[in-house]
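# Inside the fold
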Amino acid sequence: MSDPRAFEQRHQCIDAGMDVVWAEWPEPQYLTHVQALTTTQAVGAEDLALPDEPKWLQQIHGVDLIHLDDWAPNVAADAAWTQRPSEVAVVKTADCLPLLVASDQEPLVAAIHAGWRGLAQGMIGRAIKALPGQAKDLQVWIGPAISQAAYEVGNEVYEALVRHNAAFGDHFKPAREGHWWADLVGMATTELIQAGVERVASSGLCTAQLSERFYSYRAGLPKNQESARMASLIWLA
């Protein structure tokens, strides 16, 4: 059981100098042992009063999930999980989906990165099915990401996504000829439910429409910060 005073101190430390969005779980009363957030700042253990250095991944828009026991610098993966207290799983995004996952039945947390390419390869469903335990015991929070109103894609993206999962077709709206408005959060939620996850929440914050606050590839990254990304972190307290 974590010390609630330490939890409060960590919140104060992070919120004092950083733009942070804390995960809002569907049933937070069952996840008091978990801390999870998205921040726009470059983060290290000292900066965020984290229990350990985040385990950064070399994200490649693929489908690989690793246990943090197998982590090494520059490991290529788009998701990571752990059952160890104080190990920090993290993914970076700038419009793509950051999904933070926690079990309320056993010590287990995970971080997943998925853009349209990951969705078209079944990244989310694969990751959920690879985690130990039952999907119904998981809660998922989707952090700030690009919204449907700001994400126009061409026919090739539409076809790739619907080819993978016909139900994704419900999450497109026609745009100009040959283009669609794509709802990544809706598609992710559909795939989570199909994988057996019953409790899903999202921040409701659009990175492109709030580009003065968040990093957005589609809206344009700040000059000299073309590689800037947000970090979504989760750990067992």
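This is a predicted model, so every value here is computed, not measured. (Residues numbered from 1 in each chain as written. Predicted model: local features only at pLDDT ≥ 70, side-chain atom pairs only at ≥ 80, totals over all residues. Heavy atoms only, no water.)

Overall, the prediction assigns the chain a mean pLDDT of 90, with 87% of residues at 70 or greater. Contacts from residues 1–17, a stretch scored under 50 in pLDDT, to residues over four places away or in other chains number 17 contacts. (pLDDT = per-residue confidence, 0-100. Contact = heavy atoms within 4.5 Å.)

Scanning the model with the defined rule gives three aromatic pairs in all. The interplanar angle of 10° and the centroid separation of 4.2 Å between the aromatic rings of tyrosine 158 and tryptophan 180 together place this pair among those described as stacked. Here tryptophan 180 lies in strand S11 (residues 179–182) and tyrosine 158 lies in helix H5 (residues 155–164), a separation of 22 residues in the sequence. Judged by centre distance (6.3 Å) and plane angle (80°), the rings of phenylalanine 172 and tryptophan 180 are edge-to-face. These aromatic residues form a ring-pair network of at least three members: Tyr158, Phe172 and Trp180. (Phe/Tyr/Trp six-rings, centres within 6.5 Å; stacked < 30°, edge-to-face > 60°. Helix = DSSP H or I, 4+ residues; strand = E, 2+ residues; numbered from the N terminus.)

Applying the stated rule across the entire model yields seven salt bridges. Aspartate 52 serves as the salt-bridge partner of lysine 55, at 3.2 Å between the closest nitrogen and oxygen. With a relative accessible area of 12%, lysine 55 lands in the buried category. Judged by its relative accessible area of 32%, aspartate 52 is partly exposed. Between lysine 136 and aspartate 137 there is a salt bridge, and its shortest N-O distance comes to 3.4 Å. The class of lysine 136 is partly exposed, set by a relative accessible area of 40%. Look at aspartate 137 and you get buried, because its relative accessible area is 12%. Here the salt bridges do not stand alone but share partners, grouping Glu27, Asp104 and Arg199 into one network. (Salt bridge = Lys/Arg side-chain N within 4 Å of Asp/Glu carboxyl O. Buried < 20%, exposed > 50% of the residue type's maximum accessible area, 1.4 Å probe, protein only.)

Another point: unusual backbone geometry. One non-glycine residue with positive phi stands out, namely histidine 61, at about 60°. Mapped onto the elements, histidine 61 comes out in the loop between helix H2 (45–48) and strand S3 (65–67). Classification of histidine 61 as partly exposed rests on a relative accessible area of 30%. The phi torsion at serine 86 lies on the positive side, around 80°, for a residue other than glycine. Checked against the element boundaries, serine 86 lands in the loop between strand S4 (79–82) and strand S5 (89–93).

The nonpolar side chains of a soluble globular protein tend to be buried, and buried together. Residues Leu99, Leu119 and Ile128 are the most contacted members of the largest nonpolar core, which totals 39 residues. Of all the secondary structure elements, the ones that give two or more residues to this core are S4, strand S6 (97–103), strand S7 (109–114), helix H3 (116–120), helix H4 (123–130), strand S8 (138–142), H5 and helix H6 (184–194). Contacts of isoleucine 128, omitting those with residues within four sequence positions, involve Val101, Ala135, Leu138, Leu192, Ala195 and Val197. In terms of nonpolar packing, the next biggest core, distinct from the first, is built from 28 residues, Trp25, Val34, Phe214 and Leu221 among them. (Core = buried A, V, L, I, M, F, W, Y, C linked by side-chain atoms within 4.5 Å.)

Turning our eyes to something else, we now look at H6. Those residues of H6 not exposed but buried are Leu184, Gly186, Met187, Ala188, Thr190, Glu191 and Leu192. If you check the start of H6, you find a side-chain oxygen 3.3 Å away from the backbone N of valine 185, and it comes from aspartate 183. Looking one or two residues past H6, glycine 196 carries a phi angle of roughly 105°, positive in sign. (Polar contact = N/O pair within 3.5 Å; in protein donor to acceptor, adjacent residues only side chain to side chain.)

As a further point, take the environment of valine 109. Examined against the element boundaries, valine 109 turns out to sit in strand S7. We classify valine 109 as buried; its relative accessible area is 0%. When the C-alpha atoms of valine 109 and leucine 138 are compared, they prove to be 9.0 Å apart, with 29 residues separating the residues in sequence. Excluding residues within four positions of it along the chain, valine 109 makes contact with Val34, Ala80, Trp81, Thr82, Val101, Ala102, Ile234, Trp235 and Leu236.

Here we take up the pairing of S4. A regular strand carries its side chains on alternate faces of the sheet. With burial as the criterion, each face of S4 is covered, one bearing Ala79 and Trp81 and the other bearing Ala80 and Thr82. One ladder, built from three bridges, connects S3 with S4; its direction is parallel. For isoleucine 66, the partnering residue across the bridge sits in S4 and is alanine 80. Across four bridges, the pairing between S4 and S7 is antiparallel. Paired with alanine 79 across the two strands is isoleucine 112, which belongs to S7. (Pairing = 2+ DSSP bridges.)

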